[in-house]
Amino acid sequence: MFRNFTFRTANKISFGTGTINEVGAELKAGGATNTMIVTDKTIRGAGWAEKIQAILKASDIQSTVWDKAESEPSVEIGDKAVDAARSGGFDSVLGLGGGSAMDIAKAAAVGLTNEGHIMGWIRGGFSKPLAPLALCPTTAGTGSEVSDTAVFATPDLKVGLVSSMLYPRVAIVDPGLTVSMPASVTANTGIDALCHAIEGYQSVQANPMTDAMALESMRLVNQYLRAAYCNGRDMEAREGMALASLLAGIVMGNADTTIGHACGYAFVYPATKLHYPHGYAIAITLPYVMEYNAIAQIEKHATIAEVLGEEIEGLPLRDAAFMAPLAFKKLLQDLRLPMSLREVDVEKDMIPMLARNVLKSPNHCRRNPREVTEEGMLELFQHAFEGKLACEQEEE
Ligand SMILES: [Fe+2]
């Protein structure tokens, strides 16, 4: 029996090398005359912001570059962008960068048509549709260009501004923008895309459309992430990863994520004083999240193992399911990503606190296919600390 479901994404998606040239016409069609380009100094330094200004100018759109976006943006930085958007006389916003720049751009576009600032919108919502917004990712992983969420950090925790109005007017996914990403960023962001696809596939909010996209996204990551990491100029790999990230972003925008993201947030909580790139932080614990969830969804986890390249033919379904986290660990190893919390300065005595931190993300816990208990999370973090799945420990 099929459950009823709804499906949403950006109003329009343009995918492919060279599609960035369409951004002027797209914003013009939305009534833009003066656009704030939200980006960071690295992207600006690579020359992309100025190239986009020329594209906008060809459509008679004035623009100004605001390059103060930073990774894991605070509410304060987001509010500064809102103030800059209002005082600059802009009527539209273009987000250019990774998830941070695009999330800040969403807030700026909300601020152009609504009173107030980010925490007020998180607590009480906002009522007016955003100013015309174009989102142009320069990494392949965050999926923010097709999500209904903008994530910001407070001194205590991460908070999400969530609204169906946060979908942009247009998402322009041009793999050409991702070519200059260094290998480490390719790995960190690409593994985030895979986490979105896997967690969206596990989510109790998954539906047949998100499942189909999640599996295709996993297949593309398995086929192309290693190649994009080894040779950033491999355009087929860049295109494959841009598509994988887009599909995973659409999955996340509908099915959302499970405790994979909550476990990552748990050890980069400000109180722990540990700060790691988003994808990297989530990926360390994801094998253990898959192991925790596998018995709740044996068939789905067997399918993940197969899509990630494991030979499962002839295996009992349960054994196949437990190969999914092993396949994920092989990818971490190939990308030279850390495989245990021990390697990233987490102290053993922090484990009880990390387990409790997961429960501070009630929505992630609610979407998880297996009930989330403090006891279960303690065991999960003990395994993640050592970097050994239960099945690997049995072998010793
Ligand atoms: Fe993520």
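Look up a bit, the structure's there.
These remarks concern the structure in this document. (Residues numbered from 1 in each chain as written. Predicted model: local features only at pLDDT ≥ 70, side-chain atom pairs only at ≥ 80, totals over all residues. Heavy atoms only, no water.)

**Notes on the side chain of Ser217**
Within the element layout of this structure, Ser217 appears in helix H8 (residues 208-230). A polar side-chain atom of Ser217 sits 2.8 Å from the main-chain carbonyl oxygen of Ala244. Dropping the residues within four chain positions of it, Ser217 is found in contact with Ala197, Ala244, Leu247 and Ala248. (Helix = DSSP H or I, 4+ residues; strand = E, 2+ residues; numbered from the N terminus. Polar contact = N/O pair within 3.5 Å; in protein donor to acceptor, adjacent residues only side chain to side chain. Contact = heavy atoms within 4.5 Å.)

**Concerning helix H11 (residues 278-294)**
Over its 17 residues, H11 extends 24 Å from the first C-alpha to the last, a length consistent with the 24 Å expected when each residue adds 1.5 Å. Counting buried positions over the 17 residues of H11 gives 16, a clear majority of the element. (Expected span 1.5 Å × (residues − 1). Buried < 20%, exposed > 50% of the residue type's maximum accessible area, 1.4 Å probe, protein only.)

**Considerations on the pairing of strand E8 (residues 170-173)**
Taking every second residue as pointing to the same face, both faces of E8 are buried, with Val170 and Ile172 on one and Ala171 and Val173 on the other. The pairing of strand E1 (residues 13-15) with E8 spans 3 bridges and is classified as parallel. The residue of E8 that forms the bridge with Ser14 is Ile172. With 2 bridges joining them, strand E5 (residues 133-137) and E8 adopt parallel strand pairing. Along E8, the bridge assignment pairs Ala134 with Val170. (Pairing = 2+ DSSP bridges.)

**Points about the packing of helix H10 (residues 259-267) against helix H15 (residues 351-358)**
For the pair H10 and H15, the least separation of the axes is 8 Å and the interaxial angle reads 135°. Considered as vectors, H10 and H15 are oriented oblique to each other. The two elements H10 and H15 cross, and the hand of that crossing is right-handed. Note on element contacts: H15 touches H10 through Leu354, Asn357 and Val358, opposite Ile259, Ala262, Cys263, Ala266 and Phe267. (Axes fitted to C-alpha atoms, helices over the stretch in contact; angles between N-to-C directions. Parallel < 35°, antiparallel > 145°, perpendicular 65-115°, else oblique. Left-handed = near helix turned anticlockwise from the far one by under 90°.)

**Points about the coordination of the iron ion**
Around the iron ion, the donor atoms from the protein are Asp192 (OD), His196 (NE2), His261 (NE2) and His278 (NE2), and they sit 2.1 to 2.3 Å away. Bound by 4 donor atoms, the iron ion shows angles of 82 to 168° at the metal and therefore irregular coordination geometry. Residue His261 is classed as buried on the basis of its relative accessible area, which comes to 3%. (Donors = N, O, S within 2.8 Å, 3.2 Å for Na, K, Ca; no water. Tetrahedral: all angles 85-135°; square planar, octahedral: opposite > 155°, others 65-115°.)

**Focus on unusual backbone geometry**
In the Ramachandran plot, Asp60 falls in the positive-phi region, its phi being about 60° despite a non-glycine side chain. Note that Asp60 resides in the loop between helix H3 (48-58) and strand E3 (62-66).

**A closer look at the state of the cysteines**
Counted by the stated rule, this structure contains 0 disulfides. Take Cys195: it sits in no disulfide, and the sulfur closest to it among the cysteines is that of Cys263, at 11 Å. (Disulfide = S-S within 2.5 Å.)

**Describing the packing of aromatic side chains**
In this structure the tally under the stated criterion is 2 aromatic pairs. Note on Trp121 and Phe126: the rings are 6.3 Å apart at their centroids and 70° apart in plane angle, and the pair reads as edge-to-face. When its relative accessible area of 13% is taken as the criterion, Phe126 is described as buried. With 5.4 Å between their ring centres and 20° between their planes, Tyr276 and Tyr280 make a pair best called stacked. Geometry around Trp48 places Lys51 over its ring, the cationic atom sitting 4.5 Å from the centre. (Phe/Tyr/Trp six-rings, centres within 6.5 Å; stacked < 30°, edge-to-face > 60°. Lys NZ or Arg CZ within 6 Å of the ring centre and 35° of its normal.)

**Overview of H3**
Each α-helix winds once per 3.6 residues, and so residues spaced three or four apart point in a common direction. For H3, the full list of buried residues reads Trp48, Ala49, Ile52, Ile55 and Leu56. Along the long axis of H3, the arc covered by the buried residues comes to 115°, so they all point the same way. Opposite the buried face of H3, at more than 90 degrees from it, the exposed residues are Lys57 and Ala58. Where H3 is buried, its residues contact helix H1 (23-29), strand E2 (34-38), helix H2 (41-45), E3 and strand E4 (92-97). Just downstream of H3 lies Asp60, where phi reads positive at about 60°. (Arc of directions from axis to C-beta.)

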